[in-house]
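Fold and geometry: a report
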Amino acid sequence: MTVQQSKSRAKELIFLKKLLSIYGDLPRQRINTGIINKLYNELLGLITGELACDAGSLFVIDRETGSPVFTAVKGGDESLVGKKLEKGKGIVGKVADTGAGYLAKDASKDPVWMGEVSSGKGFATTDIMACPIKYGNDVIGVIEVLNKKKGMFNRQDMKRLLQLSPHISVFMKYLIDELEQQRFINMQTRLYELSMLLNSNLDTKAIVTNAIKAIVSLVHADVGSLLLVDKEKQELFFEVALGDSEKVLKEMRLKFGQGIAGWVAQQKKPLVVNDTSKDERFFKKADQKTGFVTKNILCVPVLSKGEVIGVIQAINKSDGLFTKRDLELLTSLADQVAIALENASLHEELKRTFLEVVESLAEAIEKRDPYTGGHTKRVVKYSLMIADQMGIEGDERDRLKMAALLHDVGKIGIDDSILRKPAILDDAEFEKMKEHPSIGADILGKIPQIKNIIPGILYHHEWYNGRGYPDGLSGQSLPLVARIISIADTYDAMTTDRPYRKALTPEFALAELKKFSGTQFDPAYVEAFVKAFEKQK
Ligand SMILES: [Fe+2]
Ligand SMILES: [Fe+2]
């Protein structure tokens, strides 16, 4: 070993020692993106110090596209971090592609140099040296250093940087893998959250809106939308449109074949358009109307049993261009959205069918009692008037409607001689009649899906003061639905003809409700009913 060689070896060992001190006890601590960025900066600082120069940049090569990405910048424009260079362009692109180092002693005269990107604004570049960082045969990064403090970069400097590059390579590989793993974990977490969301009990609208938000963030797009198919008209309409343009977009429809979404719907194929200005299929009117600028689009069909039911669009990739990986990811997510949409429509249909069955059942029961024709329907109507006045909505309103429809279902178990008696019932008969809420609850108790409407049926003859039947419940312990049906039921009984008396007038019936407010009825709901009635007038 010559003196020169041993000097150089000693310097290398010193560099390695410094590099190792940057690692510190890293492997034991949890590393995050912030730490990784800091480490890249320290690494670059170490290299520029080692080569005695003013500035430099560290690039990681994007595995998918081969583009060098600014990962750390020293002495220049730090806002460049995160920006991608075009593959193969400039000194850095050339070094990344060829895997060979590059020296430019006078940058301004260099044919390969693209000054504007490598140094940033307000920085005068004199000489440049760029060196590939290889891991095995792959170039995983490029180090570019600028403006040697004394003299110019020369072959000796290049040799030195190449000598250090295996150490730099191991360090960078570690950081790249860490970051990748972290991205992978993040993506898995988000995908998991998304699949939980798609299978959740929220309403369809909330599910698809949140799903589009999650999808947009997964592919790093600025905005996104879901268009659904109007089968009859062969058109697409916006079901979800993120961003400020929602209102305008919702009024817009696209024919099959029109625009990129229309093309995707017609062809049943996904599409990436990375420059909309150069694609004839792009529908300019949407941007003209909203003032939004669509630069690039990733668009995939939502397919159910081979049929297009919708289209998902991710618009404007926030970091570069949409890739094949984004396309694959979005395609697989579209399948999940399809399942969620199918489930939702199945659920809606089931609910509708069930309600229809219940309605016809209620009607069939009513036919046995000739005096109460239309009673059920009116009790439903009055109950919902109270609900709407009180702002009761969603599931609770659905439950009330169902309970009102079925409140007298137990009359099925009451003998005709009692049910159809054209006179006032005697005590024994009345006792029998009082069993109908319990009979109804028993019958419906056998259907698990509607268990939650039973309280409304069982307690619709209870009184607010506890003097009703079957259990003598009172006040707030009485289910809300039962308190409402009780008012609706009594009002209808008073305002229809009975075998033993004529119908009473609405005014009289309302006065009676008020009179028994606080004893038989919950005052708040009587008041709501009266108000709703006045409104209708
Ligand atoms: Fe009843
Ligand atoms: Fe009734």
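Residues numbered from 1 in each chain as written. Chains lettered and ligands numbered in written order. Predicted model: local features only at pLDDT ≥ 70, side-chain atom pairs only at ≥ 80, totals over all residues. Heavy atoms only, no water.

**Topic: the overall build of the protein**
- Across its full length, the protein carries 19 helices and 11 strands.
- A globule of 537 residues ought to have a C-alpha radius of gyration of about 24 Å, yet the protein, at 37 Å, is considerably larger.
- The dimensions of the protein, computed from C-alpha atoms along their principal axes, are 125 × 55 × 40 Å.
- Across the 537 residues of the protein, 45% fall into the buried class.
- Put simply, of all contacts in the protein between residues at least 6 apart along the chain, 58% involve residues at least 24 apart.
- Here the protein has roughly 28,300 Å² of accessible surface; of this, 54% comes from carbon and sulfur atoms.
- Across the protein, the 75 positively charged side chains and the 72 negatively charged ones have centroids separated by 7 Å. (Helix = DSSP H or I, 4+ residues; strand = E, 2+ residues; numbered from the N terminus. Rg over C-alpha atoms; globule rule 2.2 N^0.38 Å. Buried < 20%, exposed > 50% of the residue type's maximum accessible area, 1.4 Å probe, protein only. Contact = heavy atoms within 4.5 Å. Areas by Shrake-Rupley, 256 points an atom, 1.4 Å probe, with all protein chains shown as cover. Lys, Arg positive; Asp, Glu negative; His and termini not counted. Charge placed at Lys NZ, Arg CZ, Asp CG, Glu CD.)

**Points about the coordination of the iron ion (ligand 1)**
- Summarising the metal site, the iron ion (ligand 1) is bound by the protein donors Asp408 (OD), His436 (NE2), His460 (NE2) and His461 (NE2), whose distances to it range over 2.2 to 2.3 Å.
- Taken together, the 4 donor atoms coordinating the iron ion (ligand 1) span angles of 83 to 170° at the metal, a pattern that classifies the geometry as irregular.
- In primary sequence terms, the donor set of the iron ion (ligand 1) follows D-x27-H-x23-H-H.
- Between the iron ion (ligand 1) and the iron ion (ligand 2), the interatomic distance is 3.6 Å, and Asp408 donates to each metal, bridging them. You can see Asp408 sitting in the loop between α12 (395-406) and α13 (416-419) and its partner His460 sitting in the loop between α16 (454-458) and α17 (480-494), a full 52 residues away along the chain. (Donors = N, O, S within 2.8 Å, 3.2 Å for Na, K, Ca; no water. Tetrahedral: all angles 85-135°; square planar, octahedral: opposite > 155°, others 65-115°.)

**Re α17**
- For α17, which comprises 15 residues, the first-to-last C-alpha distance of 22 Å matches the rise-based estimate of 21 Å (1.5 Å per residue) to within 8%.
- Buried residues belonging to α17 abut α11 (375-389), α12, α16, α18 (506-515) and α19 (523-536). (Expected span 1.5 Å × (residues − 1).)

**Digging into the domain arrangement of the protein**
- The domain architecture assigned to the protein consists of domain 1 (3-185), domain 2 (199-346) and domain 3 (367-536).
- A separation of 48 Å is found between the C-alpha centroids of domain 2 and domain 3. (Domains from an automatic or database assignment.)

**Examining the sheet that holds strand β11 (residues 307-317)**
- With respect to topology, 6 strands assemble into an open sheet ordered β8-β7-β6-β11-β10-β9, the strand pairing being antiparallel. Strands at the two margins of the open sheet, each flanked by one partner only, are β8 (253-255) and β9 (271-273). Sheet twist, expressed as the average angle between the axes of neighbouring strands with direction ignored, equals 25°.
- Examined bridge by bridge, strand β7 (residues 235-241) and β8 share 3 bridges and lie antiparallel to one another. Residue pairing for β8: Glu235 is matched across the bridge by Lys255.
- Across the sheet, helix α6 (residues 204-218) touches β6 (221-230), β7 and β11, and the angle it forms with β6 is around 140°.
- Each of β6, β7, β8, β9, β10 (297-304) and β11 touches helix α8 (residues 259-267); the most contacted strand, β10, lies at about 35° to it. (Pairing = 2+ DSSP bridges. Axes fitted to C-alpha atoms, helices over the stretch in contact; angles between N-to-C directions.)

**Brief notes about the pairing of strand β2 (residues 68-74)**
- Within β2, 6 of the 7 residues are buried, leaving the element largely enclosed by the surrounding structure.
- Strand direction decides the pairing type here: strand β1 (residues 53-61) and β2, joined by 6 bridges, are antiparallel. Counted as the bridge partner of Val60 is Val69 from β2.
- Between β1 and β2, which follow one another and run antiparallel, lie 6 residues, and Gly66 among them has a positive phi close to 80°.

**Structural notes on helix α15 (residues 436-444)**
- Among all positions of α15, only His436, Pro437, Gly440, Ala441 and Leu444 are buried. Take α15 and look down its axis: the buried residues cluster within an arc of 140°, on one side only.
- On its buried side, α15 packs onto α12, α14 (427-433) and α16. (Arc of directions from axis to C-beta.)

**Quick notes on the coordination of the iron ion (ligand 2)**
- Protein coordination at the iron ion (ligand 2) comes from His375 (NE2), His407 (NE2), Asp408 (OD) and Asp489 (OD), with a distance range of 2.1 to 2.4 Å.
- One can describe the donor arrangement at the iron ion (ligand 2) as irregular, given that its 4 donor atoms subtend angles of 74 to 174° at the metal.
- Classification of Asp408 as buried rests on a relative accessible area of 9%.

**Quick notes on the sheet that holds β2**
- The 5 strands are arranged β2-β1-β5-β4-β3 in an open sheet whose pairing can be described as antiparallel. The sheet is open, and its two borders are formed by β2 and β3 (102-104), each paired with just one other strand. Within this sheet the neighbouring strands show an average axis-to-axis angle of 20°, counted without direction.
- Two elements, strand β4 (residues 128-135) and strand β5 (residues 138-148), share 8 bridges in a ladder whose sense is antiparallel. Paired with Met129 across the bridge in β5 is Val145.

**Structural notes on the environment of Met187**
- Within the secondary structure layout, Met187 lies in helix α5 (residues 155-198).
- Each C-alpha atom of the pair Met187 and Ser217 lies 9.8 Å from the other, and the pair is 30 residues apart in sequence.
- Setting aside residues up to four positions removed in sequence, Met187 forms contacts with Leu218 and Leu329.

**What to know about the pairing of β11**
- A large share of β11 lies buried, amounting to 9 of its 11 residues.
- Sheet analysis places β6 next to β11, joined by 7 bridges and oriented antiparallel. Within β11, the residue paired with Gly224 across the bridge is Ala314.
- Sheet topology note: the β10/β11 ladder contains 8 bridges and is antiparallel. From the neighbouring strand, Ile297 faces β11, where its bridge partner is Ile315.
- Hairpin connection from β10 to β11: 2 residues lie between these consecutive antiparallel strands, with Lys305 at a positive phi of about 50°.

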